[in-house]
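Coordinate inspection notes
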Amino acid sequence: MTTRILATLVFLAVLAAAPAFVPPFEVRVLSLFCFWGALSLAWNILGGFAGYWSFGHTVFVGVGAFVPGVIVAKLFDGGGAELMPLLVLVGGLVSAAFAGIIAWPLLRLRGIYFAIAMLGVAQVTGELSAAIEWIGGGVGLSLPDAVPAALAPEAFFHYIFVGLLALTIGAAAWVRGARFGQGLLAIREDEDTARMLAVPTEGYKIAALVLSAFLTGLLGATYGFSLGYITTDSVFRTDFSLNMIVHALLGGIGTIAGPLLGAAVMVVLTQVVLGEMLNLHLFATGALVVAMVLLAPQGFLGLWRRKPRAQREPGP
Amino acid sequence: MTEPVLEIRGLTKRFRGLVALDHVDFTVPEGTICGLIGPNGAGKSTMFNLVTGFLPPSEGEIRFRGTPVTGWSPQQAGRSGVARAFQIARPFPGLTVRQNVRIGALFGRSGPRDVEAATDTALALLGIEDLADRPAEGLTVGHLRRLEVARALAARPVLLLADEPCAGLNPAETDAMIAALRRIRDGGVTIWLVEHDMRAVMGLCDRILVISAGRAIAEGTPGEVAANPAVIAAYLGSEEQEAHGA
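Analysis parameters
- Residues numbered from 1 in each chain as written.
- Chains lettered and ligands numbered in written order.
- Predicted model: local features only at pLDDT ≥ 70, side-chain atom pairs only at ≥ 80, totals over all residues.
- Heavy atoms only, no water.
- Patch = residues over 30% accessible without salt bridge, like charges linked within 9 Å, V, L, I, M, F, W, Y side chains within 5 Å.
- Areas by Shrake-Rupley, 256 points an atom, 1.4 Å probe, with all protein chains shown as cover.
- Salt bridge = Lys/Arg side-chain N within 4 Å of Asp/Glu carboxyl O.
- Buried < 20%, exposed > 50% of the residue type's maximum accessible area, 1.4 Å probe, protein only.
- pLDDT = per-residue confidence, 0-100.
- Helix = DSSP H or I, 4+ residues; strand = E, 2+ residues; numbered from the N terminus.
- Contact = heavy atoms within 4.5 Å.
- Expected span 1.5 Å × (residues − 1).

1. Here we look at a nonpolar patch on the surface
The grouping of Leu109, Ile112, Tyr113 and Ile116 of chain A at the surface amounts to a nonpolar patch, some 390 Å² of accessible area in total. Judged by its relative accessible area of 59%, Tyr113 of chain A is exposed.

Encoded structure:
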């Protein structure tokens, strides 16, 4: 256990040190890995541990990014750069609160019904952010430039994304080891039996969604600041929702290393190997997903571990 | 005599027109093993679903350790000390045997206290400690049944509802299950058992309730029940006539 923690810390330290050694483009690729990996890991707290697949997790990215955007536009008239840490935190908290509100009706749905309901929530919320003039998602919102003069922008955001990745790994590892996490696994495996064993299923599902939304909201807010200018289309992105699922599936759903591994593979594939062939990379992504579902339903980690398990329905 | 663990008075469950249970009374005294038998479709599983809060009764009262608990939730039942081993074993398939039993110990009646000890005790009592690190998926029926009971036991129940723990077991496995249930009872857990294996029922039970088509048709010691003409009629297949009032 301690070796695992040590290895994680070394991994994060190496990631954090990257801007000192590698050129800006590679730093951006590594930041993207941190962003995608953390998103997928946050999704995995609900989707992987509790088995409640959200098809609309991008709603929390969007809410996380829009909350600072609206606050900056309404209260600071485009300024407030020095308040970025606070604004990111508020983005995460509002995301979590939003999750808490939708959790009660949505988490009564099981399996594919919950997945589709989340997709609907994401679509509707995205549409509203564009349609409500006061919010201004159609035209777009500016976020202030918070990069200190001493740092390159890509390095500044890289440090934050590494920090958020560390936070997300910590949160996921804590959940996995805690009684809470064991309760989530019980819910995933058989919710009625979990109820019979006195697992507080309703409370645990809500807590998992809220925690997942909080982390996703922090990531979304930071992503918004890194873009500098956000619109509905740039943060309420269906491909974000899909990528969170795909990364977890590729690497190994319900694990901690899995979503990170999946994100790493996809980042390398799309940004490095196929970076010059934008048209091809969606095709390659699709082909890879199909191949993985057919050949390794437990993800890369499943291949490596080779657990003697019968094939199970890989989803809700 | 100490207070009964479970008292059922006038318990009735209707599903639209169908009466699954019709004003059934029964008492499960503390420290006993009681039986619930009857032909298929008699309402045995419905009874367990009502007691464990999976279904609300249409009428009647359930008291657990003297407290009225009619209409409680499965979680309340679990926290109060009612554990259930399902008829179709429902282990958590993606987890190992130990993880399964450990979840029972983490939740259940008294929450996370001595989790590892409770897990080990339950595994050992059912004789599946050697399988602890095997995935639950792919276990034999015999092992699944034992896992099901071990997980329920790890929750430190006051009352264990065992729904056909011997179904699908070979004679040796049945003997092992009977011995395990006796040890569980000797450890202070009251047991109410649905079972078709008559050897298990007659050998284990202190008292038996016989239901047929939702109604209690007999109650008593194994000897009394076995000699009861209504029970014999129900088991020899004349329950259809009876259901039609013949």
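Once you've had a look at it, read on.
2. With respect to the confidence of the model for chain A
Residues and elements named next belong to chain A. Overall, the prediction assigns chain A a mean pLDDT of 89, with 94% of residues at 70 or greater. When pLDDT is averaged over each element of chain A, helix H9 (residues 201–227) comes out on top at 97 and helix H14 (residues 299–305) at the bottom at 73. Segment residues 307–316: pLDDT under 50, and 15 contacts once partners within four positions in sequence are set aside and those in other chains are kept.

3. Here we look at helix H4 (residues 84–106) of chain A
Residue and element names in this part refer to chain A. Across its 23 residues, H4 extends 32 Å between first and last C-alpha, which sits within 8% of the 33 Å expected from 1.5 Å per residue. Of all the positions in H4, only Met84, Leu87, Val88, Gly91, Gly92, Ser95, Ala96, Ala99, Ile102, Ala103 and Leu106 are classed as buried. Of the surrounding secondary structure, the elements contacted by the buried residues of H4 are helix H3 (58–75), helix H5 (112–131), helix H6 (153–177) and H9.

4. Structural notes on the pattern of salt bridges
Pairing of side chains with opposite charge becomes possible as their charged atoms draw close. Taken as a whole and judged by the stated rule, the model has 21 salt bridges over all chains. Linking Arg90 of chain B and Asp190 of chain A is a salt bridge whose minimum nitrogen-to-oxygen distance equals 2.9 Å. Here Arg90 of chain B is found in the loop between strand E6 (82–85) and helix H3 (97–106), whereas its partner Asp190 of chain A is found in the loop between helix H7 (179–189) and helix H8 (191–196) on a different chain. For Asp175 of chain B, the salt bridge identified is with Arg199 of chain B, shortest N-O distance 2.7 Å. Pair noted here: Asp175 of chain B is in helix H6 (residues 171–186) and Arg199 of chain B is in helix H7 (residues 198–204), with a separation of 24 residues, a long-range link. Here Arg199 of chain B falls in the partly exposed class, since its relative accessible area comes to 44%. Taken together, the shared-partner salt bridges in this structure form one network comprising Arg110, Asp190, Glu191, Asp192, Arg195, Glu202 and Lys205 of chain A together with Arg90 of chain B.

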